[in-house]
Amino acid sequence: MSRYQESMGCLLKTQTSAADPPHLPPPAGAPPSCSPLPEVGSRPLRDLVTHDLVSAQLSDTRNGARSNSFQNLKHPPNVPTPPPQVNRYLPTPMAPSPPAPFLLLLALSGLAVAAAQFPFPPPQLTNASDADALRAVFKQWGLGYGATATTPEDPCLKKVWFGSLARNASIDCSCGDSTLPCRITHLNVTGYRNLTDFPPALFNLTELVSLDLSNNNLSGQIPPGIANLSKLETWHFNNNQLNGPFPNGSSGLRSLQSLWMFDNYIEGTLPEFIANFTNLTDLRIYGMKLQGPIPKKFSNLINLEKLMLGDLDGRNSTFDFIANWTNLSTLSLRKCGITGELPNMLSNLLPNLTYLDLGSNNISGSLRLLLPYKNSSLYLGGNNFSGNLPSEMVQSSRPLDVSYNPLLIGILPDNPAGQKWSINYIGTSIDASRTTNSENLTLLNCLHMKGCDRTFYNNLITSCAVNCGGKQTTYPDSLSNMFYDDTSDLGASGFHVNSDRQWVVSNVGSDPLTLSNSPGVVNESQVNLGTDLPELYRTARTSRSDLWYYVVGLSNGKYTVQLFFAEIVIESELNSGPGRRSFNIDIQDRNIKTDFDITKEAGGFGRPTNITHEATVDNSVLKIHLYWNGRGPRAIPYEGAYGPLVSAIRVFLPEIPPNNSPPPARPEAAPHDNKRRGVVAGIAALCIAAAVISSSVVYLWWKWVSLVKHPNT
């Protein structure tokens with residue numbers, strides 16, 4: 001007998017009492033005695049099990065089947081079936097289970113009763129002074145809260161007024177103690193070009209730990225009230241129109257961890273008190289009017305993870321501000337006026353560096369000190385590095401820019417199979433004979449004038465045109481030019497020599513925050529450009545730093561340079577918002593445009609605009625340089641959407657008649673001119689005739705008078 005049947009036999013044996021009719025004899029093989037069953041709560045386990053078994057039996061009966069195990073238990077083998085009897089101790093059969101909706105309604109009713117007995121605590125409201133300050137700030141800025149609503153929502157309950165990549169108006173609060181009102185700790189208002197000033201009430205939000213006012217149009221000086229926000233850890237006011245000096249009152253913001261102040265017009269010396277912000281992990285200062293040097297005390301910023309300084313005028317800097325920055329991964333010091341050599345122990349001071357930009361300084365010495373960073377992104381162009389380029393630094397997967405270091409020598413290793421090196425060495429003395437042919441080497445030598453062989457070009461050209469970022473295109477009716485294909489992938493550091501060796505395109509730059517290469521070529525075929533030359537403007541070449549075009553083999557003379565532009569990346573709905581592109585343009589090393597904004601010049605998104613400039617060529621090379629100046633948002637409409645963009649380039653020699661040409665033929669007169677000449681001639685003849693007749697009459701009259709007075713004469 002199974003343990004289950006034994007248990008059920010004991011259960012049936014103990015179901016009756018002395019007053020019950022004689023129960024059935026114990027099943028065959030049953031144990032001689034059964035131990036008492038334990039109790040659950042106030043009921044014996046026997047009652048509970050019996051209740052469940054009977055319920056199961058009734059349920060099976062309703063379903064048209066009876067449990068075999070229960071039948072075997074109720075009528076064990078070899079036991080005669082007793083006469084029908086009713087056990088008054090068996091529980092009454094259960095009623096059918098209520099339907100599920102009724103149970104749900106019952107549960108909800110129970111919850112409602114419980115909520116009435118134990119109500120939830122009311123939501124915490126915003127501190128009254130914080131709410132008043134925020135209401136005044138938003139009202140002055142023309143935002144939703146407090147501007148039009150008569151019963152505005154509580155700020156810490158609403159939190160977000162507008163949220164997108166381009167525009168954001170939101171707050172966050174700290175509501176730690178349920179007995180105290182919430183305090184506003186985060187304020188983000190970004191992407192509103194109609195915001196021009198700082199509301200005084202802003203500096204009453206003294207619990208702020210994060211203030212982001214980037215990508216607006218704030219102008220004037222930073223108010224001294226910023227000193228009231230002593231708890232700030234994040235302060236971003238980049239991409240505005242602020243000017244004047246950096247306020248000394250901000251020197252007390254010792255809790256700052258992230259400070260972004262690029263793309264403004266703040267002037268003066270780079271503030272030394274920033275060195276007191278020793279909690280800083282992210283510092284970005286560039287694209288302004290600040291002057292160097294970089295303070296030596298910046299070495300106190302030992303917690304830095306990202307340091308981006310640039311566009312400093314004035315006094316030169318050295319590397320004495322670099323300290324033991326073990327957490328630093330991104331270091332950009334572009335155009336900081338740094339002179340001298342690299343520190344000998346640089347790799348020990350910066351062991352975790354993955355991005356290094358030292359471009360456009362005056363740094364000298366050997367590149368061997370940078371060999372530990374061979375797997376990092378390195379931008380070293382526009383300096384005075386000398387000696388051999390370590391071949392180990394040349395990688396196919398990591399960009400290396402050493403362009404315009406004229407004293408740099410070495411030999412490039414052979415290209416890997418099916419790949420090419422990601423290196424830009426234009427303007428150096430590096431031997432690239434293993435990686436390119438002799439004709440290209442001759443052309444590249446011309447670019448930095450170290451040995452331009454004029455005899456290499458049998459037939460000098462007088463015109464050239466490039467469809468930047470697009471396929472080869474010909475426009476015989478309007479421009480009488482073939483625009484060359486320019487779709488090569490240049491990567492983050494590279495160049496391309498066209499097949500006819502008439503021009504070269506060169507690119508340098510990647511985004512230090514995403515470490516992704518620039519798309520280089522953009523194509524927006526869906527843009528309605530409203531021009532008769534759409535194919536020229538629907539494609540473009542871009543760069544995140546520097547873009548060069550060289551036209552080589554030109555006959556010397558004065559040329560007309562045409563640059564074609566159309567903004568096809570930063571969408572039109574952002575024209576009144578933060579999205580804008582800004583860059584500079586040089587032709588033949590002379591600046592012709594500063595802070596050039598395509599959308600502004602063209603009058604809108606997707607509209608074409610051109611620049612025409614005269615330039616003199618006296619060495620067979622024309623150089624066009626478009627470069628980022630540190631201005632404009634870096635992440636709208638996507639990360640890395642900044643830097644120069646150009647749609648097409650055309651260079652041609654104006655048609656000037658030679659000196660020995662005959663003078664142009666006199667144009668044939670029109671009929672009405674001949675008629676006018678006839679009238680004038682007739683009048684002149686009549687006048688002459690009248691004068692002759694008058695003279696004759698006078699003479700005859702005078703003669704007659706003389707005869708009358710002197711008859712005998």
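So, a few notes on the structure that sits alongside this text. (Residues numbered from 1 in each chain as written. Predicted model: local features only at pLDDT ≥ 70, side-chain atom pairs only at ≥ 80, totals over all residues. Heavy atoms only, no water.)

1. Side note on the state of the cysteines
As used in these notes, a disulfide is a covalent bond between sulfur atoms, one from each of two cysteines. For the structure on display, the rule yields two disulfides. Here Cys 156 is linked by a disulfide to Cys 173, with a sulfur-sulfur distance of 2.0 Å. Looking down the S-S bond of the Cys 156 and Cys 173 bridge, the torsion is -90°, so its handedness is left-handed. Residue Cys 156 is found in helix H6 (residues 155-158), and its partner Cys 173 is found in strand E4 (residues 168-174); the two are separated by 17 residues along the sequence. Accessibility assignment for this pair places Cys 156 and Cys 173 in one class, buried. Across the disulfide, Cys 175 is cross-linked to Cys 182 (sulfur-sulfur distance 1.9 Å). Disulfide Cys 175-Cys 182: torsion about the S-S bond near 120°, hence right-handed. A residue is classified by how much of its surface remains accessible, and Cys 182, at 1% relative accessible area, is buried. (Disulfide = S-S within 2.5 Å. Helix = DSSP H or I, 4+ residues; strand = E, 2+ residues; numbered from the N terminus. Buried < 20%, exposed > 50% of the residue type's maximum accessible area, 1.4 Å probe, protein only.)

2. Section: the environment of Lys 289
Tracing the chain through its elements places Lys 289 in strand E13 (residues 289-292). Overall, Lys 289 belongs to the partly exposed group, its relative accessible area being 45%. For Lys 289 and Asn 243, which are 46 residues apart along the polypeptide, the C-alpha to C-alpha distance reads 8.9 Å. Apart from residues no more than four positions distant in its own chain, Lys 289 is found in contact with Tyr 265, Ile 266, Glu 267 and Gly 268. (Contact = heavy atoms within 4.5 Å.)

3. Some details on the pattern of salt bridges
A complete count under the given rule lists 14 salt bridges for this structure. Notably, a salt bridge pairs Arg 580 with Asp 263, separated by 2.7 Å at the nearest N-O pair. In this pair, Arg 580 sits in the loop between strand E33 (557-566) and strand E34 (583-587) while Asp 263 sits in the loop between strand E10 (258-260) and strand E11 (265-269), placing the two residues 317 residues apart along the sequence. We classify Arg 580 as buried; its relative accessible area is 17%. Glu 535 is paired through a salt bridge with Arg 538; the nearest N and O atoms lie 3.8 Å apart. Arg 538 gets classed as partly exposed once you look at its relative accessible area, which sits at 23%. (Salt bridge = Lys/Arg side-chain N within 4 Å of Asp/Glu carboxyl O.)

4. Description of the sheet that holds strand E25 (residues 463-468)
The strand order across the open sheet built from six strands is E26-E27-E25-E39-E33-E36, with neighbouring strands paired in mixed fashion. Only two strands of the sheet have a single neighbouring strand rather than two, namely strand E26 (473-475) and strand E36 (608-617). Neighbour-to-neighbour, the strand axes of the sheet open up by a mean angle of 20°, direction not taken into account. The pairing of E25 with strand E39 (residues 648-652) spans four bridges and is antiparallel. Its bridge partner being in E39, Val 466 is matched across the sheet by Ile 649. (Pairing = 2+ DSSP bridges. Axes fitted to C-alpha atoms, helices over the stretch in contact; angles between N-to-C directions.)

5. Here's the deal with the packing of aromatic side chains
Tallied over the entire structure, the rule returns 22 aromatic pairs. A ring pair is formed by Phe 262 and Tyr 286, whose centres lie 4.6 Å apart and whose planes are at 5°; its orientation type is stacked. One end of the pair, Phe 262, is in the loop between E10 and E11; the other, Tyr 286, is in the loop between strand E12 (282-285) and E13, and 24 residues separate them in sequence. Looking at Tyr 286, the relative accessible area reads 4%, which means it is buried. (Phe/Tyr/Trp six-rings, centres within 6.5 Å; stacked < 30°, edge-to-face > 60°.)

6. Overview of unusual backbone geometry
Looking along the chain, the bond that leaves Gly 292 and enters Pro 293 is cis, with omega of 10°. Tracing the chain through its elements places Pro 293 in the loop between E13 and strand E14 (306-310). Despite not being glycine, Asp 263 shows a phi value in the positive range, around 55°. You will see that Ser 620, though not glycine, has its phi angle at about 75°, which is positive. Tracing the backbone shows Ser 620 in the loop between E36 and strand E37 (621-628).

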